[in-house]
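As a plain string of letters, each chain reads:
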Amino acid sequence: YHTFLALNQGAVMSFFSFGQSAQIDIVLNDAETRKKAEHKTEDGKKDQYFLFYDGDTVSGKVNVTLKNPGKRLEHQGIKIQFIGKIELYYDRGNNYEFVSLVKDLAQPGELTQSRTFDFEFTNVEKPYEAYTGQNVKLRYFLRVTVSRRLNDISKEMDIVVHTLSMFPELNSSIKMEVGIEDCLHIEFEYNKSKYHLKDVIVGKIYFLLVRIKIRHMEINIIKRETTGTGTNVYHENDTIAKYEIMDGAPVRGESIPIRLFLAGYEITPTMRDINKKYSVRYYLNLVLIDEEERRYFKQQEITLWRRGDVVRKSMSLQAAIASQRFECSSSDEKALAHAQDKEQ
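Residues numbered from 1 in each chain as written. Predicted model: local features only at pLDDT ≥ 70, side-chain atom pairs only at ≥ 80, totals over all residues. Heavy atoms only, no water.

Novice: I'd like a description of the pairing of strand β6 (residues 78–88), backed by residues and values.
Specialist: Counting buried residues in β6 gives ten out of eleven residues, a clear majority hidden from the surface. Of the strand pairs in this sheet, β6 and strand β7 (residues 95–106) are connected by ten bridges, and their pairing is antiparallel. Bridge assignment links Ile 78 to a residue of β7, and that residue is Ala 106. The turn joining β6 and β7, which pair antiparallel and follow one another in sequence, is formed by six residues. When β6 meets strand β11 (residues 136–146), the two strands line up antiparallel, connected through eleven bridges. (Buried < 20%, exposed > 50% of the residue type's maximum accessible area, 1.4 Å probe, protein only. Helix = DSSP H or I, 4+ residues; strand = E, 2+ residues; numbered from the N terminus. Pairing = 2+ DSSP bridges.)

Novice: Which residues make up the sheet that holds strand β14 (residues 184–190), and what values go with them?
Specialist: Ordered in space as β13-β14-β16-β19, the four strands form an open sheet in which the pairing is antiparallel. Looking at the sheet topology across the chains shown, the edges are occupied by β13 (174–180) and β19 (255–261). Within this sheet the neighbouring strands show an average axis-to-axis angle of 20 degrees, counted without direction. Relative to β14, β13 runs antiparallel, the two being bridged by seven bridges. The partner of Glu 177 across the bridge, within β14, is Glu 187. (Axes fitted to C-alpha atoms, helices over the stretch in contact; angles between N-to-C directions.)

Novice: Give a description of the pattern of salt bridges that names residues and reports values.
Specialist: Tallied over the full model, the rule gives 22 salt bridges. Two residues, Glu 156 and Arg 139, come together in a salt bridge whose shortest N-O distance is 3.0 Å. Note that Glu 156 is positioned in strand β12 (residues 153–161) and Arg 139 in strand β11, a separation of 17 residues in sequence. Here Glu 301 and Arg 281 are joined by a salt bridge, their closest N and O atoms 3.3 Å apart. Of this pair, Glu 301 sits in strand β22 (residues 295–305) while Arg 281 sits in strand β21 (residues 278–290), and the two are 20 residues apart along the sequence. For Glu 301, a relative accessible area of 27% corresponds to the partly exposed category. The network of salt bridges with common partners includes Glu 42, Lys 85, Glu 87, Lys 137, Arg 139, Arg 143, Glu 156 and Asp 158. (Salt bridge = Lys/Arg side-chain N within 4 Å of Asp/Glu carboxyl O.)

Novice: Requested: an account of the side chain of Thr 268, with residues and values cited.
Specialist: As for its placement among the helices and strands, Thr 268 is situated in the loop between β19 and β20 (271–274). Under the relative-accessibility criterion, Thr 268 is labelled buried at 16%. Of note is the side chain of Thr 268, whose polar atom sits 2.9 Å from the side chain of Tyr 282. For Thr 268, the contacting residues outside a window of four places in its chain are Tyr 131, Leu 197, Val 280, Tyr 282 and Leu 304. (Polar contact = N/O pair within 3.5 Å; in protein donor to acceptor, adjacent residues only side chain to side chain. Contact = heavy atoms within 4.5 Å.)

Novice: So, the sheet that holds strand β9 (residues 115–121): which residues are in play, and what are the values?
Specialist: Strand order across the open sheet formed by three strands is β1-β4-β9, with antiparallel pairing between neighbours. Pairing within the sheet leaves two strands with one partner each, and these edge strands are β1 (22–28) and β9. Each neighbouring strand pair of the sheet contributes to a mean axis angle of 20 degrees, computed without reference to strand direction.

Encoded structure:
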């Protein structure tokens with residue numbers, strides 16, 4: 001019995017060790033010209049990924065290289081998927097796919113030599129910005145799978161998606177007051193309420209009444225990530241920036257200017273109720289500290305948005321694609337063709 005078992009174990013080992021396997025590589029068609037963007041991974045490191053926008057086509061080649069030339073690779077089909085997925089770290093068992101496209105590259109059969117397959121996902125909908133946070137991750141990736149009876153061979157390749165916004169039509173200034181009756185009265189004003197990621201926050205603080213000894217004053221940018229729904233809601237506050245306005249005591253009638261450059265900080269666009277799973281909001285927090293270490297603060301939400309480096313030529317094409325999602329008639333194809341003609 002022991003000899004039989006040992007022989008069988010040896011047969012299984014040889015089956016796995018010496019059976020045919022393959023290496024998969026995914027190469028984008030425009031890899032040499034497509035821009036890359038830095039993006040934070042789950043472990044906090046930063047890496048460079050190919051950058052895409054909503055409506056961009058994702059196309060390329062899949063190289064399946066046999067590791068043991070001369071041996072056959074039997075498979076139950078080869079496919080490539082384009083996936084957009086939200087992963088909540090505290091709910092690892094449940095992943096939420098909001099985009100899921102698939103293309104078959106090969107029907108069930110066998111490979112006798114290395115092969116290259118072309119793929120194209122045309123005008124792919126990518127509605128949300130890629131994001132890695134404290135409790136949640138939204139990622140887009142390509143996945144190639146060679147299906148086999150016992151163990152599939154697969155390869156994933158992440159990309160980054162940025163969402164671009166137009167200039168907001170309404171962008172009113174922020175005016176607020178901070179007061180403690182008969183002790184302190186401060187007004188502060190910011191030039192607007194919506195800022196792009198490379199913008200400058202310009203403002204002023206007016207001291208109308210000062211009867212307590214203020215030792216220090218600063219403005220913080222606070223990022224608040226909210227995940228979950230109902231009773232399972234998690235809030236994570238992160239101080240992104242601290243900007244010292246004043247070190248020392250102000251006097252009545254004094255006004256202090258503020259200029260805070262956003263470009264140097266790690267910020268994202270404001271995200272509200274993304275796929276009903278999470279939100280990311282930003283706040284300006286004015287903090288005053290008196291000589292007895294008491295803290296007074298006033299918080300105001302601001303909206304952050306991403307502006308394109310240049311006006312992208314494909315914006316009108318993207319608009320036509322967006323309209324196609326809601327209207328499924330033959331006239332849409334004419335509208336899309338018209339948009340393309342106008343660009344050319």
